[in-house]
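Understanding the architecture of this molecule
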Amino acid sequence: MLCAKTTISASEGFQHNRMWLNDEELPFEEDSRLMRCLKGVQRLALMNGSQKVSLSWKVHIASCNNFPTAAGLASSAAGYACLVFSLARLYGIPLNEELTTIARQGSGSACRSLFGGFVQWHRGVLDDGRDSVAKPIVSAQHWPNMHVLILVVNDERKKTSSTNGMQRSVTTSQLIQHRVDKIVPERTENLKKAIEARDFQSFAEITMKDSNQFHAIALDTYPPCVYMNDVSHAIASFVHTYNKTMGTVHAAYTFDAGPNACIYVLKENVAKLLAAVQKEFPNDSIDSSQYLRGLPVSIDSPESNIEKYANSATDNPINTAAVHRKAIGMLNIQPKSLLKYIIHTKVGDGPCQLSDDNSLLINGLPLSH
């Protein structure tokens, strides 16, 4: 499971607020987003009368994640959600909607990551943003077989951050206002209905169309924000071809502010899709334990699984041997090693408190110190 982990310690003996991300110390008190989150949670603690930890004590924070940072895979959302959740636990504040307004001041999408399952970030109408909060739609258990294959094209830090890119889009894109006023409200309601009904076909179509439009806005920005690359477009083309030849929608891509693809797929179709991905995007590292990461998948090699699924008998006429052979035959084999690695994950349950054995700090310093 993709995750961020954070440990926070407060002490009257600490001289300064300090933070380490993946063992690298970051400037804390000069970082306005970090300070907004810290002060916001402390303000809630004061309002709630929490006396668990003195608000005058400085904090030391260690955080790490097991997926690329600033590469368009929502590392900031996970990190800030984990930070705010951990601060709330430190100061004795229960998880509530007010915390989501604090988390989004670190990273907009972080407000959604404070809850598990499927979550909606509400736009709000108040000038001070108090009603711009995240609310759960359904839990992860509502659609337990919803899985994700993340095709990592580039795990390096992207040139344009999500925050800076969106700020530029708001001020320069002529298309964004139409999207905000007309497209997003309708799609949001339709997507919620698809999730509640576990309607993968509708969910997939809306997800891919919205991803495409997001990147159209990015290109309409001036200067343009170019997040996808040639490999990204090859992945999108692969998904459409695969779905068409399978006779039904088995996969849905979405690209955030980066070139890496998140492909939604139902659990029962993961192995078949992965076999096709590995066939179209061959890789010299395919047998390495570092190539396919995350949840295990029962897959040996592209060739063996293609043959397995092509010759499998099922009661579903769509999943006939002919359909599978046609799907594989339609693949456009790409040059080797265009993908760095693949992560298999699923919809998560949201943040939780771990035992002391998982602490990233000892005596207020990272374990590596």
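Relevant structure appears above.
Reference entry: report on the structure contained in this document. One numbering rule holds for all chains: residues counted from 1, following each sequence as written. Under the rules for a predicted model, residues below a pLDDT of 70 receive no local features and side-chain atom pairs below 80 are neither given nor counted, while totals for whole chains, interfaces and linings still include all residues. Working from all heavy atoms in the structure, the side-chain values ignore hydrogens and water.

For the rest of this paragraph, the subject is the overall build of the protein chain. Each helix and strand in the protein chain was counted, giving 11 helices and 13 strands. Computed over C-alpha atoms, the radius of gyration of the protein chain comes to 22 Å, within 12% of the 21 Å expected from 2.2 N^0.38 for 369 residues, which places it in the range of a compact globule. When a residue's accessible area, from a 1.4 Å probe over protein chains only, is under 20% of the maximum for its type it is buried; when over 50% it is exposed; and in between it is partly exposed. In the protein chain, which comprises 369 residues, the proportion classed as buried is 46%. Note on definitions: a residue-residue contact is assigned when non-hydrogen atoms from the two residues lie within 4.5 Å. Here the contacts in the protein chain between residues at least 6 apart in sequence split such that 74% fall between residues at least 24 apart. A run of H or I in DSSP becomes a helix once it reaches four residues, and a run of E becomes a strand once it reaches two; helices and strands are each numbered from the N terminus. For the radius of gyration, the atom set is restricted to C-alpha positions; the globular benchmark scales as 2.2 Å times the number of residues to the power 0.38.

Tracing the backbone through its elements, the reader meets Thr 207 in helix 7 (residues 200–220). According to the relative accessible area criterion, Thr 207 is buried, its value standing at 10%. Setting aside its immediate chain neighbours within four residues, Thr 207 contacts Leu 191, Tyr 253, Thr 254 and Tyr 264.

Omega for the bond connecting Tyr 222 with Pro 223 falls within 30 degrees of zero, at -10°, which places this linkage in the cis form. Looking at the element boundaries, Pro 223 is found in the loop between helix 7 and helix 8 (230–246). The phi dihedral of Asn 363 falls on the positive side, at around 55°, and the residue is not glycine. With respect to the helices and strands, the residue Asn 363 is situated in the loop between strand 12 (361–362) and strand 13 (365–366).

The next thing to look at is the sheet that holds strand 9 (residues 261–266). The criterion for strand pairing is that DSSP finds at least two bridges linking the strands in question. In space, the five strands of this open sheet follow the order 8-9-7-11-10, with mixed pairing throughout. Of all strands in the sheet, those bounded by a partner on one side alone are strand 8 (252–255) and strand 10 (292–294). For this sheet the average axis-to-axis angle between neighbouring strands, irrespective of direction, equals 25°. As paired elements, strand 8 and strand 9 share four bridges and run antiparallel to each other. Between N-to-C directions, angles cover 0 to 180 degrees, with each direction set by a line fitted to C-alpha atoms, over the stretch in contact for helices.

Think of a nonpolar core as a cluster: buried Ala, Val, Leu, Ile, Met, Phe, Trp, Tyr and Cys residues, connected wherever their side-chain atoms sit within 4.5 Å. Core analysis: the largest hydrophobic core is formed by 51 residues, its most contacted members being Ile 235, Phe 238, Ile 263, Leu 273 and Leu 339. Residue contributions to this core peak at eight residues, all from helix 8. Ranked by size, the runner-up nonpolar core spans 29 residues in total, among them Met 19, Ala 45, Leu 83 and Val 84.

This paragraph deals with helix 6 (residues 176–197). Taking 1.5 Å of rise per residue, 22 residues should cover 32 Å, and helix 6 covers 29 Å from first to last C-alpha, within 8% of that figure. In this analysis the local bend is the angle between axes fitted, respectively, to the seven residues ending at and the seven residues starting at the residue. Considering bend angle alone, the principal kink of helix 6 is centred on Ile 183 and spans about 45°; proline Pro 185 follows within four residues of it. Within the sequence span of helix 6, burial applies to Ile 176, Arg 179, Lys 192, Ala 194 and Ile 195. Packed against the buried residues of helix 6 are strand 5 (118–121), strand 6 (134–138), helix 5 (162–172) and helix 7. Expected helix span is computed as 1.5 Å times (number of residues minus one).

Along the chain, Thr 248 turns up in the loop between helix 8 and strand 8. Residues Thr 248 and Ser 298, 50 residues apart in the sequence, show an inter-C-alpha distance of 23 Å. Each polar contact in these results corresponds to two N or O atoms within 3.5 Å; when the atoms are within protein, one needs to be able to donate a hydrogen and the other to accept it, and residues that are neighboring in sequence are counted only if both atoms are side-chain atoms. At 3.0 Å, the side chain of Thr 248 forms a polar contact with the side chain of Gln 201.

For the rest of this paragraph, the subject is the sheet that holds strand 1 (residues 4–11). The strands making up a sheet associate through hydrogen bonds between their backbones, and the pairing can be parallel or antiparallel. Here we have four strands laid out as an open sheet, ordered 1-4-2-3, and mixed in their pairing. Both outer strands of the open sheet, strand 1 and strand 3 (24–26), are each paired with one neighbouring strand and no more. When the angles between neighbouring strand axes are averaged without regard to direction, this sheet yields 20°. Most of the contacts of helix 2 (residues 75–91) go to strand 1, to which it runs at about 35°, and overall it touches strand 1 and strand 4 (58–65).

What follows covers the packing of helix 1 (residues 32–48) against helix 2. Across the interface, helix 1 lies against helix 2 with an axial gap of 10 Å and an inter-helix angle of 30°. With respect to helix 2, the axis of helix 1 lies roughly parallel. Seen along the crossing, helix 1 lies across helix 2 with a hand that is right-handed. Residues Arg 33, Leu 34, Cys 37, Leu 38, Val 41, Gln 42 and Ala 45 of helix 1 touch helix 2, and the partners they reach there are Tyr 80, Leu 83, Val 84, Leu 87, Ala 88 and Tyr 91. All residues other than Ala, Val, Leu, Ile, Met, Phe, Trp, Tyr, Cys, Pro, Asp, Glu, Lys and Arg, Gly among them, are scored as polar; the first ten of these are nonpolar and the last four charged. Taken together, the residues of the contact of helix 1 with helix 2 sort by class into 11 nonpolar, one polar and one charged. Oblique is the label for any angle not under 35 degrees, not over 145, and not in the 65 to 115 range, which are roughly parallel, roughly antiparallel and roughly perpendicular in turn. The handedness criterion is simple: a crossing whose near helix is rotated anticlockwise from the far helix by less than a right angle is left-handed, and one whose near helix is rotated clockwise is right-handed.

We count a salt bridge whenever a side-chain nitrogen from Lys or Arg sits within 4 Å of a carboxyl oxygen from Asp or Glu. Taken as a whole, this structure holds nine salt bridges when the rule is applied. Here Asp 128 makes a salt bridge to Arg 130, at a shortest N to O gap of 2.4 Å. The shortest N-O distance in the salt bridge between Lys 336 and Asp 284 comes to 3.2 Å. One end of the pair, Lys 336, is in the loop between helix 11 (321–329) and strand 11 (341–346); the other, Asp 284, is in the loop between helix 9 (270–280) and strand 10, with 52 residues separating them in the sequence. Just as Lys 336 is exposed, Asp 284 falls in that class too.

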